[in-house]
Amino acid sequence: MPAPNIAALKKIRKYASNTGKNHIDSVINHGSATKAARESTNSGKKLSRQSINESIKRTMIIAIEAGFEDKSLNVRAKGIAKARRWFITSAQNNSEVHEGFISTIKVFCDHMNAEPIAIMTRYANPDKFHRGADSGVEWDHSIDGWYLDKDVSLGPKLMIAGDVKIAATSGNPLLSLDLIGRGKSMIVGHGQMQMRLVATPHGVEPKMLHSTGSCTMPNYGRSRMAMTAKEHHNLGGLYVEMRGDAFYIFQVEADNQGHFYFLNEHFSPDGVTNGHRPLAYIIGDEHRIHMTKADHNNLWGKKGPIETLNPECLVRHDVDDFYTRNHHHKDDLMLCMHKEKTGFKLVEQELRDTAKYINETSKGRVSYIVDSNHPNAFGKWLNRFKSKNDIANADFVWRYRGHKGLYGGSWADDDFTYFMTNFLPDNEKTKDNVVFLTRNDQLLFAGIDTAHHGDKGANGARGSAQAFSKAFLKMTTGHSHSPSIFKGAWCVGTWAMKMTEQYAKGIGSWMVMDNIIYPDGARCMITHINGKWRA
């Protein structure tokens, strides 16, 4: 807490009740609550120091909630809009910064030529504002020059909404912010790191909403909401870099010492080391048949993120689309005719091509195939199959059923997995470094569970970010194609943007976005815009 601040008391006096104004006037006149209480006893009023402090505490809380701060106390950041790279975090009033994290941010910004920014956030902690006249409102002076409390445009498509005040204990800091800034993506300051996309017209990049995490230590009260906020407090920030009008936002999560990874580098107050490999790279839903040559090159090419970062493992969702006989298309006569005429009618050929794709893209590392709804569609199709209605695939179905009946362990085994690992000839089967997961598996990387596709939630309910955020383990899922970060639940996007022509016509929030997990369990989204993932 800062030293006794009579000037601050004078400024909050207007928020006080008549009794509160009398108490503040008494403290101002006598210099402290103790002296004011002693003088009231001598005059026969018998006010205690505790009652004076409680009165001032109530006034301070009301003032902070109304937006009060003493702007002369902290130095604001300058020249923000002129930069092209920024490290953006937030800082809560009357809270200590994490010294190790601040030192690491300085090393990072020097290395990346980035500008540090700390969005000023406010919280009236009932457990802290107990010292009456000693309860001024300010931010840690060790990062003076970083502070921001106004809106700043970082380009035609991105802004920092520094003037948006969000309750520090809010469980959903991005709630109801969709229209603020209109078409611009937006970053707000908050102790919880969150991301959500706002639907935009087809062909227009979705509007992204981000909250930052914090550089200050957790400093909350003891209410239910306050304890929940403490649980989801992120020591971290966002690194933003700009290429033309395109921007790329990377999440940075620090460890208890304030050190952090960024891609294949590790930062600490002692400097930078490189050559670090992410534990896992979770690819956005692939739907192989819908990926273009450009998509393939952007993901798997020499300048792509996988070749650049060299992750130890891949985690893959909806690697096959089951396009040839997708049940979503069965009542679409024109699309079914189009598939027949263009050669997309043989289920066996599609699955063989997917097996080849998996093997080619899994070389040099373990590749985990998550049990997903689109590959599952193969088994559902087999159960409904009637030979007289699909002569083109009848021969394959009976060969497959015979093989599984003779050599399969159980009819209940997943058909997509069985096809890839047993039915195919030995030279076409998926290799030993390809692992097929089941719905009940758990795949942990530094405490992050990555085995769930995202379509199925708890107890058979439909999956969602909100539902997965309630699990005691942090999770990274797929399925929705609309990437998000909500508390401990992160969701990747999709590489099959051509699918919007069939499944997501009109406005939408699909986006190409992957996720990496670092050795310490921190995570970062990899966003692909205009074929690039870095500025």
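Description of the structure in this document. (Residues numbered from 1 in each chain as written. Predicted model: local features only at pLDDT ≥ 70, side-chain atom pairs only at ≥ 80, totals over all residues. Heavy atoms only, no water.)

Focus: the overall build of the chain
Counting its secondary structure elements, the chain contains 14 helices and 24 strands. Residue burial in the chain is summarised as follows: out of 535 residues, 55% are buried. Long-range contacts, defined here as pairs at least 24 residues apart, represent 67% of the contacts in the chain between residues at least 6 apart. Accessible surface, the chain: about 24000 Å² in total, of which carbon and sulfur atoms supply 50%. Each charge sign in the chain was given a centre, from 68 positive and 57 negative side chains, and these centres are 6 Å apart. (Helix = DSSP H or I, 4+ residues; strand = E, 2+ residues; numbered from the N terminus. Buried < 20%, exposed > 50% of the residue type's maximum accessible area, 1.4 Å probe, protein only. Contact = heavy atoms within 4.5 Å. Areas by Shrake-Rupley, 256 points an atom, 1.4 Å probe, with all protein chains shown as cover. Lys, Arg positive; Asp, Glu negative; His and termini not counted. Charge placed at Lys NZ, Arg CZ, Asp CG, Glu CD.)

A look at the layout of surface pockets
By volume, the largest pocket is sized at about 810 Å³. Taken together, 35 residues form the lining of the largest pocket, with Glu231, His233, Asn234, Glu253 and Lys474 sitting closest to its centre. Of all the secondary-structure elements, those providing two or more residues to the lining of the largest pocket are β7 (190-198), α6 (224-231) and β22 (489-491). For the lining of the largest pocket, the residue count by class is 15 nonpolar, 11 polar and nine charged. When its volume is computed, the second largest pocket comes out at roughly 550 Å³. (1 Å grid on protein atoms, 1.4 Å probe; cavity = no way out; pocket = protein on both sides within 12 Å on 5 of 7 lines; lining within 4 Å. Points joined across faces, edges and corners; volume = space filled by probe spheres on them. Nonpolar A, V, L, I, M, F, W, Y, C, P; charged D, E, K, R; others polar.)

Some remarks on the side chain of Thr121
Topologically, Thr121 is positioned in strand β2 (residues 115-121). The buried category is assigned to Thr121, whose relative accessible area is 11%. Those residues in contact with Thr121 that sit more than four places away from it in its chain are Ser90, Ala91, Gln92, Asn93, Trp139, Gly189 and His190.

Description of the sheet that holds strand β12 (residues 265-268)
Pairing in this open sheet of three strands is antiparallel, and the strands run β11-β12-β13 from one edge to the other. At either margin of the open sheet sits one strand with a lone partner, and together these are β11 (260-262) and β13 (271-274). Strand-to-strand twist in this sheet, taken as the mean axis angle between neighbours without regard to direction, amounts to 25°. Across four bridges, β12 lies against β13 in antiparallel orientation. Across the sheet, residue His266 finds its bridge partner in β13, namely Thr273. (Pairing = 2+ DSSP bridges. Axes fitted to C-alpha atoms, helices over the stretch in contact; angles between N-to-C directions.)

Section: the packing of helix α11 (residues 373-384) against helix α13 (residues 415-423)
In a packed pair of helices, the relevant descriptors are the angle between the two axes and the axis-to-axis distance. Close contact between α11 and α13 brings their axes to 7 Å; oriented N to C, the two are set at 100°. Relative to α13, the element α11 lies roughly perpendicular. Two secondary-structure elements touch here, α11 through Pro375, Phe378, Gly379 and Leu382 and α13 through Asp415, Phe416 and Phe419. Its residues assigned to classes, the contact of α11 with α13 shows five nonpolar, one polar and one charged. (Parallel < 35°, antiparallel > 145°, perpendicular 65-115°, else oblique.)

Comments concerning empty space enclosed by the protein
Within the structure shown, the criterion is met by three cavities of 30 Å³ or more. By volume, the largest cavity is sized at about 70 Å³. Around the largest cavity sit Ser90, Gln92, Thr121, Ile166, Ala168, Gly189, His190, Gly191, Ser214, Thr216, Tyr220 and His233, which together line it. For the lining of the largest cavity, the secondary-structure elements that each account for two or more residues are β1 (85-92) and β7. Considered class by class, the residues forming the lining of the largest cavity number three nonpolar, nine polar and no charged. Put simply, the second largest cavity is a space of about 50 Å³. Around the second largest cavity, the lining residues are Ile369, Val370, Asp371, Ser372, Pro375, Asn376, Asp414, Phe416, Thr417, Phe436 and Leu437. For the lining of the second largest cavity, the per-class residue count stands at six nonpolar, three polar and two charged.

Interpretation in functional terms is not warranted from these geometric data alone.
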